[in-house]
Amino acid sequence: FVLALARTVVMNMSSNLLRQLQNAVYHRDAMWIFVKFLPYSALLTVLGSFMSSAMTYASEKLVITWRDQLTRRCHSYYFSMSSYYHIKNLPGREKIADPDERLAAEVTEVTKKLTMVVGLLFRGIPPIIWFTFRLCRERGLIYATLPHVYLLLAYEITSRIFPKNIGELYRGQAMVQGKY
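What you see is a predicted model; the values in this text were computed from it and never measured.

Caption draft 1: Highlighting a nonpolar patch on the surface. Together, Met31, Phe34, Val35 and Leu38 line one region of the surface with nonpolar side chains, adding up to about 440 Å² of accessible area. Its location among the elements puts valine 35 in helix H2 (residues 30-79). The exposure class assigned to valine 35 is partly exposed, which follows from its relative accessible area of 49%.

Caption draft 2: Region of interest: the pattern of salt bridges. Throughout the structure, instances matching the rule amount to four salt bridges. The salt bridge partner of lysine 113 is glutamate 109, with a shortest N-O separation of 3.2 Å. Here glutamate 109 and lysine 113 lie together in helix H4 (residues 99-139), a separation of four residues that amounts to about one turn. Among the ionic pairs, arginine 134 bridges to glutamate 138, the shortest N-O distance being 3.4 Å. With arginine 134 and glutamate 138 both in helix H4 and four residues apart, this pair spans about one turn of that helix.

Caption draft 3: Region of the structure containing helix H1 (residues 2-26). Taking 1.5 Å per residue as the helical rise, H1 with its 25 residues ought to reach 36 Å, and the 36 Å between its terminal C-alpha atoms agrees with that figure. Residues Ala4, Thr8, Val10, Asn12, Leu17, Leu21 and Ala24 constitute the buried set of H1. The secondary structure elements touched by the buried residues of H1 are H2 and H4. Arginine 28 sits one or two residues past H1 and shows a positive phi near 55°.

Caption draft 4: Up close: the packing of H1 against H2. Running from N to C, H1 and H2 cross one another at 160°; their axes reach a closest spacing of 10 Å. Judged by the inter-axis angle, H1 sits roughly antiparallel to H2. Here H1 and H2 pass one another in a crossing that is left-handed. Where H1 approaches H2, its residues Leu3, Ala4, Ala6, Arg7, Val10, Met13, Ser14, Leu17, Gln20, Leu21, Ala24 and Val25 are matched on the opposing element by Trp32, Ile33, Phe37, Tyr40, Ser41, Leu44, Leu47, Gly48, Met51, Ala54, Met55 and Ala58.

Rules and cut-offs
Residues numbered from 1 in each chain as written. Predicted model: local features only at pLDDT ≥ 70, side-chain atom pairs only at ≥ 80, totals over all residues. Heavy atoms only, no water. Patch = residues over 30% accessible without salt bridge, like charges linked within 9 Å, V, L, I, M, F, W, Y side chains within 5 Å. Areas by Shrake-Rupley, 256 points an atom, 1.4 Å probe, with all protein chains shown as cover. Salt bridge = Lys/Arg side-chain N within 4 Å of Asp/Glu carboxyl O. Helix = DSSP H or I, 4+ residues; strand = E, 2+ residues; numbered from the N terminus. Buried < 20%, exposed > 50% of the residue type's maximum accessible area, 1.4 Å probe, protein only. Expected span 1.5 Å × (residues − 1). Contact = heavy atoms within 4.5 Å. Axes fitted to C-alpha atoms, helices over the stretch in contact; angles between N-to-C directions. Parallel < 35°, antiparallel > 145°, perpendicular 65-115°, else oblique. Left-handed = near helix turned anticlockwise from the far one by under 90°.

And the structure:
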(Lines give C-alpha, C1' and ligand atoms only; values in the text may rest on other atoms or scores of the structure.)
Protein backbone atom coordinates (compact mmCIF):
# COMPACT_ATOMS: atom_id res chain seq x y z
CA PHE A 1 0.00 0.00 0.00
CA VAL A 2 2.94 2.32 0.71
CA LEU A 3 4.23 1.74 -2.81
CA ALA A 4 0.80 2.63 -4.20
CA LEU A 5 0.86 5.89 -2.23
CA ALA A 6 4.35 6.67 -3.51
CA ARG A 7 3.19 5.87 -7.05
CA THR A 8 0.30 8.31 -6.58
CA VAL A 9 2.76 11.00 -5.49
CA VAL A 10 4.84 10.40 -8.63
CA MET A 11 1.69 10.53 -10.77
CA ASN A 12 0.71 13.81 -9.13
CA MET A 13 4.18 15.26 -9.72
CA SER A 14 3.93 14.21 -13.36
CA SER A 15 0.53 15.83 -13.85
CA ASN A 16 1.79 19.04 -12.21
CA LEU A 17 4.79 18.99 -14.54
CA LEU A 18 2.54 18.69 -17.59
CA ARG A 19 0.50 21.66 -16.41
CA GLN A 20 3.66 23.72 -15.98
CA LEU A 21 4.88 22.62 -19.42
CA GLN A 22 1.63 23.82 -21.00
CA ASN A 23 2.03 27.19 -19.29
CA ALA A 24 5.66 27.47 -20.44
CA VAL A 25 4.75 26.62 -24.02
CA TYR A 26 1.89 29.10 -23.95
CA HIS A 27 4.15 31.86 -22.59
CA ARG A 28 7.04 30.76 -24.85
CA ASP A 29 9.41 30.31 -21.94
CA ALA A 30 12.12 28.23 -23.60
CA MET A 31 14.54 28.72 -20.73
CA TRP A 32 12.13 27.07 -18.26
CA ILE A 33 11.83 24.05 -20.54
CA PHE A 34 15.58 23.47 -20.65
CA VAL A 35 16.42 24.46 -17.08
CA LYS A 36 13.53 22.92 -15.13
CA PHE A 37 11.48 20.65 -17.37
CA LEU A 38 14.17 18.34 -18.74
CA PRO A 39 15.91 17.55 -15.40
CA TYR A 40 12.59 17.22 -13.57
CA SER A 41 11.15 14.93 -16.25
CA ALA A 42 14.33 12.81 -16.14
CA LEU A 43 13.92 12.51 -12.37
CA LEU A 44 10.27 11.50 -12.79
CA THR A 45 11.28 8.91 -15.39
CA VAL A 46 13.78 7.36 -12.99
CA LEU A 47 11.25 7.45 -10.14
CA GLY A 48 8.58 5.89 -12.34
CA SER A 49 10.92 3.12 -13.42
CA PHE A 50 11.91 2.47 -9.80
CA MET A 51 8.25 2.42 -8.72
CA SER A 52 7.36 -0.04 -11.47
CA SER A 53 10.21 -2.36 -10.48
CA ALA A 54 9.35 -2.07 -6.79
CA MET A 55 5.67 -2.85 -7.47
CA THR A 56 6.64 -5.91 -9.52
CA TYR A 57 9.01 -7.09 -6.78
CA ALA A 58 6.37 -6.61 -4.06
CA SER A 59 3.78 -8.44 -6.15
CA GLU A 60 6.08 -11.40 -6.77
CA LYS A 61 7.08 -11.50 -3.10
CA LEU A 62 3.40 -11.56 -2.15
CA VAL A 63 2.78 -14.45 -4.57
CA ILE A 64 5.58 -16.45 -3.00
CA THR A 65 4.45 -15.72 0.56
CA TRP A 66 0.81 -16.58 -0.10
CA ARG A 67 1.73 -19.68 -2.10
CA ASP A 68 3.91 -20.91 0.77
CA GLN A 69 1.17 -20.37 3.37
CA LEU A 70 -1.56 -21.85 1.19
CA THR A 71 0.60 -24.85 0.30
CA ARG A 72 1.31 -25.52 3.97
CA ARG A 73 -2.41 -25.38 4.83
CA CYS A 74 -3.42 -27.55 1.90
CA HIS A 75 -0.77 -30.11 2.77
CA SER A 76 -1.88 -30.20 6.39
CA TYR A 77 -5.44 -30.98 5.23
CA TYR A 78 -4.22 -33.38 2.57
CA PHE A 79 -2.13 -35.42 5.00
CA SER A 80 -4.59 -35.30 7.91
CA MET A 81 -6.63 -38.46 8.63
CA SER A 82 -5.16 -40.26 5.61
CA SER A 83 -6.96 -38.04 3.11
CA TYR A 84 -4.27 -38.75 0.51
CA TYR A 85 -5.29 -42.43 0.60
CA HIS A 86 -9.04 -41.80 0.51
CA ILE A 87 -8.82 -39.40 -2.42
CA LYS A 88 -7.14 -42.01 -4.58
CA ASN A 89 -9.34 -44.91 -3.43
CA LEU A 90 -12.85 -43.57 -3.03
CA PRO A 91 -15.47 -46.32 -3.41
CA GLY A 92 -18.37 -45.53 -5.71
CA ARG A 93 -16.74 -42.44 -7.11
CA GLU A 94 -14.21 -41.82 -9.78
CA LYS A 95 -10.81 -41.72 -8.16
CA ILE A 96 -8.53 -38.73 -8.60
CA ALA A 97 -5.33 -40.01 -10.12
CA ASP A 98 -3.05 -37.05 -9.52
CA PRO A 99 -4.28 -35.00 -6.54
CA ASP A 100 -0.81 -33.82 -5.57
CA GLU A 101 -0.10 -32.40 -9.04
CA ARG A 102 -3.51 -30.72 -9.20
CA LEU A 103 -3.03 -29.26 -5.75
CA ALA A 104 0.34 -27.77 -6.68
CA ALA A 105 -0.95 -26.32 -9.96
CA GLU A 106 -4.13 -24.87 -8.47
CA VAL A 107 -2.35 -23.31 -5.49
CA THR A 108 0.03 -21.53 -7.85
CA GLU A 109 -2.80 -20.33 -10.09
CA VAL A 110 -4.98 -19.17 -7.19
CA THR A 111 -2.18 -17.22 -5.54
CA LYS A 112 -1.27 -15.47 -8.80
CA LYS A 113 -4.89 -14.47 -9.43
CA LEU A 114 -5.46 -13.30 -5.85
CA THR A 115 -2.26 -11.28 -5.90
CA MET A 116 -3.32 -9.70 -9.17
CA VAL A 117 -6.70 -8.69 -7.71
CA VAL A 118 -5.18 -7.33 -4.49
CA GLY A 119 -2.45 -5.52 -6.43
CA LEU A 120 -4.94 -3.87 -8.77
CA LEU A 121 -7.06 -2.85 -5.82
CA PHE A 122 -4.16 -1.34 -3.89
CA ARG A 123 -2.75 0.34 -6.99
CA GLY A 124 -6.09 1.82 -7.97
CA ILE A 125 -7.53 3.17 -4.73
CA PRO A 126 -4.96 5.89 -3.83
CA PRO A 127 -4.97 7.58 -7.27
CA ILE A 128 -8.76 7.44 -7.43
CA ILE A 129 -9.11 9.10 -4.04
CA TRP A 130 -6.37 11.67 -4.59
CA PHE A 131 -7.29 12.76 -8.10
CA THR A 132 -11.01 12.86 -7.26
CA PHE A 133 -10.20 15.10 -4.30
CA ARG A 134 -7.93 17.25 -6.43
CA LEU A 135 -10.51 17.57 -9.21
CA CYS A 136 -13.21 18.38 -6.66
CA ARG A 137 -11.02 21.06 -5.12
CA GLU A 138 -10.08 22.63 -8.46
CA ARG A 139 -13.28 22.27 -10.51
CA GLY A 140 -16.06 21.30 -8.11
CA LEU A 141 -18.06 18.25 -7.14
CA ILE A 142 -19.82 17.81 -10.48
CA TYR A 143 -16.57 17.61 -12.44
CA ALA A 144 -15.10 15.27 -9.84
CA THR A 145 -17.98 12.81 -10.13
CA LEU A 146 -18.25 12.88 -13.94
CA PRO A 147 -15.38 10.40 -14.60
CA HIS A 148 -16.84 7.92 -12.11
CA VAL A 149 -20.35 8.23 -13.55
CA TYR A 150 -18.94 7.80 -17.05
CA LEU A 151 -17.04 4.65 -16.08
CA LEU A 152 -20.06 3.13 -14.34
CA LEU A 153 -22.34 3.88 -17.28
CA ALA A 154 -19.79 2.64 -19.80
CA TYR A 155 -19.41 -0.58 -17.82
CA GLU A 156 -23.16 -1.11 -17.62
CA ILE A 157 -23.69 -0.42 -21.30
CA THR A 158 -20.87 -2.66 -22.47
CA SER A 159 -21.89 -5.47 -20.12
CA ARG A 160 -25.41 -5.35 -21.56
CA ILE A 161 -24.25 -5.20 -25.17
CA PHE A 162 -21.46 -7.74 -24.76
CA PRO A 163 -22.61 -10.11 -21.99
CA LYS A 164 -19.92 -12.35 -20.63
CA ASN A 165 -20.43 -15.10 -18.17
CA ILE A 166 -16.95 -15.40 -16.71
CA GLY A 167 -17.99 -18.28 -14.45
CA GLU A 168 -18.97 -20.37 -17.46
CA LEU A 169 -15.71 -19.59 -19.21
CA TYR A 170 -13.61 -20.48 -16.16
CA ARG A 171 -15.58 -23.68 -15.56
CA GLY A 172 -15.09 -24.69 -19.19
CA GLN A 173 -11.39 -23.95 -18.94
CA ALA A 174 -11.10 -25.92 -15.70
CA MET A 175 -12.91 -28.88 -17.24
CA VAL A 176 -10.54 -28.90 -20.19
CA GLN A 177 -7.45 -28.61 -17.96
CA GLY A 178 -8.58 -30.99 -15.26
CA LYS A 179 -10.46 -33.46 -17.51
CA TYR A 180 -13.25 -33.74 -14.94
